[in-house]
Amino acid sequence: MQLLTALAVLATEEGAESGGGLSLILPPTSELIAGIIAFLIVFWFVGRRAMPMINRTLEARQQAITGQLSEAEEAKREAESLLADYRAQLADAKTEGNRIIEEARASGEQLKADIVARAEEEAASTLAKARDEAQSEKSRALAEARREVGEISVGLAERIVGGSLDGKMQQDLIDRYLADLEKL
Amino acid sequence: MATSECDVVNEVICAPANVNELFEFPTIFTIGGLEFSRTHILMLLAAFVTVAILYYGLRGQRLVPTKFGAAVEGMVDFVKDGIARDVIGPEGTKYVPYLMAMFFFLLVGNLFEITPLINFPITSRMAIPAFLALTTYVIFMFLGFAKNNFRYLIDTAWPKTVPIGLRWLVGLIEVFSIFILRPITLAVRLFANMVAGHLMLTLLLTSGLIFVAAIPEIGVKGTIGVFWFGLGLFMFLLEILIGVLQAYIFTLLTAIYIESSIHFEH
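Residues numbered from 1 in each chain as written. Chains lettered and ligands numbered in written order. Predicted model: local features only at pLDDT ≥ 70, side-chain atom pairs only at ≥ 80, totals over all residues. Heavy atoms only, no water.

A word on the overall build of chain B
For step 1, the next point in the chain: Counting its regular elements, chain B contains eight helices and two strands.
For step 2, the next point in the chain: Along the chain direction, N to C, the helices and strands of chain B fall in the order β-β-α-α-α-α-α-α-α-α.
For step 3, the next point in the chain: Considering chain B as a whole, with its 266 residues, one finds that 43% of them fall into the buried category.
For step 4, the next point in the chain: Within chain B, counting contacts between residues at least 6 apart in sequence, those at least 24 apart form 66% of the total. (Helix = DSSP H or I, 4+ residues; strand = E, 2+ residues; numbered from the N terminus. Buried < 20%, exposed > 50% of the residue type's maximum accessible area, 1.4 Å probe, protein only. Contact = heavy atoms within 4.5 Å.)

A few points about helix 4 (residues 127-148) of chain B
For step 1, the next point in the chain: Taking 1.5 Å of rise per residue, the 22 residues of helix 4 of chain B would be expected to cover 32 Å, and the 31 Å separating its terminal C-alpha atoms lies within 8% of that figure.
For step 2, the next point in the chain: Here helix 4 of chain B has its buried residues at Ala127(B), Ile128(B), Pro129(B), Phe131(B), Leu132(B), Ala133(B), Thr136(B), Phe140(B), Met141(B), Leu143(B), Gly144(B) and Asn148(B). (Expected span 1.5 Å × (residues − 1).)

Let's talk about the packing of helix 3 (residues 96-111) of chain B against helix 4 of chain B
All names here are of chain B.
For step 1, the next point in the chain: Put simply, helix 3 and helix 4 touch, their axes get as near as 12 Å, and they point 165° apart. With respect to their mutual orientation, helix 3 and helix 4 come out roughly antiparallel. Crossing of helix 3 over helix 4 shows left-handed handedness. For the pair helix 3 and helix 4, contact is made by Tyr-98, Met-102, Phe-105 and Leu-106 and by Ile-128, Leu-132, Thr-135, Thr-136 and Ile-139, respectively.
For step 2, the next point in the chain: Split into classes, the residues belonging to the contact of helix 3 with helix 4 amount to seven nonpolar, two polar and no charged. (Axes fitted to C-alpha atoms, helices over the stretch in contact; angles between N-to-C directions. Parallel < 35°, antiparallel > 145°, perpendicular 65-115°, else oblique. Left-handed = near helix turned anticlockwise from the far one by under 90°. Nonpolar A, V, L, I, M, F, W, Y, C, P; charged D, E, K, R; others polar.)

Looking at unusual backbone geometry
Residues and elements named next belong to chain B.
For step 1, the next point in the chain: One non-glycine residue, Asn-119, lies in the positive phi region at around 50°.
For step 2, the next point in the chain: Along the chain, Asn-119 turns up in the loop between helix 3 and helix 4.
For step 3, the next point in the chain: Residue classification places Asn-119 among the partly exposed residues on the basis of a relative accessible area of 37%.
For step 4, the next point in the chain: In the Ramachandran plot, Asn-149 falls in the positive-phi region, its phi being about 55° despite a non-glycine side chain.
For step 5, the next point in the chain: Structurally, Asn-149 is set in the loop between helix 4 and helix 5 (151-157).

Thoughts on the side chain of Ser30(A)
For step 1, the next point in the chain: Structurally, Ser30(A) is set in helix 3 (residues 29-162).
For step 2, the next point in the chain: Among the polar contacts listed, one links the side chain of Ser30(A) to the side chain of His40(B), at a separation of 2.8 Å.
For step 3, the next point in the chain: Ser30(A) has contacts with Leu34(B), Glu35(B), Phe36(B) and His40(B), leaving out every residue within four places of it along the chain. (Polar contact = N/O pair within 3.5 Å; in protein donor to acceptor, adjacent residues only side chain to side chain.)

What about the nonpolar core?
For step 1, the next point in the chain: In terms of nonpolar packing, the biggest core is built from 70 residues, with Met100(B), Phe105(B) and Leu132(B) touching the most fellow members.
For step 2, the next point in the chain: In terms of residues, this core owes the most to one element, helix 3 of chain B, which gives twelve residues. (Core = buried A, V, L, I, M, F, W, Y, C linked by side-chain atoms within 4.5 Å.)

Some words on the packing of aromatic side chains
For step 1, the next point in the chain: In total, this model carries 17 aromatic pairs over all chains according to the counting rule given.
For step 2, the next point in the chain: Taken together, a centroid distance of 5.5 Å and an interplanar angle of 55° make the contact between Tyr152(B) and Phe179(B) tilted. Of the two residues, Tyr152(B) sits in helix 5 while Phe179(B) sits in helix 6 (residues 164-213), which places them 27 residues apart along the sequence.
For step 3, the next point in the chain: Taking relative accessible area as the criterion, Tyr152(B) reaches 2% and is therefore assigned buried.
For step 4, the next point in the chain: Owing to a relative accessible area of 12%, Phe179(B) belongs among the buried residues under this scheme.
For step 5, the next point in the chain: Put simply, the rings of Phe39(A), Phe43(A), Tyr98(B), Phe105(B) and Phe131(B) pair up and form one aromatic cluster.
For step 6, the next point in the chain: Here the guanidinium or amino end of Arg182(B) rests over the ring plane of Phe140(B), the centre of that ring lying 5.1 Å away. (Phe/Tyr/Trp six-rings, centres within 6.5 Å; stacked < 30°, edge-to-face > 60°. Lys NZ or Arg CZ within 6 Å of the ring centre and 35° of its normal.)

Scope: geometric values only; no functional claims are made or implied.
Now the structure itself:
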């Protein structure tokens, strides 16, 4: 009940105060001034401070990203050149290795050929020496034999001659002997 | 809120003498015949809070922003790209400071409604919506005439793309809506939303508490207060959404009006 009276009082008072609703809509001058000053403070701050702050941050971020990108680009380029270097070095090393192997093989072959040649030469010289020695031994033995045969034959002949050796028989014997000797 | 002579002991509820008492505070001081109250102080406080939020959110050239900074930056980008660039186009850059100041100031002003200890949306006073709507009106009127001369008015009143029979009617409606209604609707939309929100919150939360407090006196009937209070809490959450939405709508419409004056084609 008290609530209702209060509401009734409120209603009559609203009616009495002409344009109670309108006074809510039309701004009092003092509030307009305060509102305008408040907005201008914000507007000034946004225009003079916030916008430069935003742009600076954006710029810094852009620069950082560009910087990082170019750094990455640089690093990539460096890595690539390094890789190329390593590849070249590897290729060089392979060629070098091949060359060394080739050289070794060549020198080995050369050595082998040399050894074989020397061995053959030695063999040939040994053979020749042996042959020479054999030849000289043979001729020496032959000369010895001839000398001894001569002596023996002379001794034998003397003995025969000392016995019954006529002139003609002796002569035949000597000739035959000499002929035989000639044949040796 | 101020109440007129009211015997708190005997009456269950002290009704304000006038609904304006929910929105008008007693004068604190007077300068040159102008009375200043809590409202005026709150308006200036809103300005400083807005500046502080922007300052702490944006200061330093942080490559990786803090959480708070990221939130402020998100809103800044939202106004800069989502409203200025998307609605107005490349020319929108010029209007970014105005739109940004408007959005952040209105956002803070609206959210004062649900800020503890403040609990009063400064945008529920006509001064701020009226001033901003008028500024927007001046801007888009100036642009309309500066970019299109008097074709702005003539082509609006006599739209050549409309069939001749309807042309006068459409022209009349267009002139009325663009030259007269736009600033009024812009201001009243924000103002009325905030007034309604503040009324609802005050009514539901205080009456809820009063009913609950009166349970020993009026018995079970007082439990309705629990329901009122619950509804008030729900409205509280809803008002956050409304506060953000109204700031966005005001800024977006400003951008749309500016765009329609720049790219005026009929």
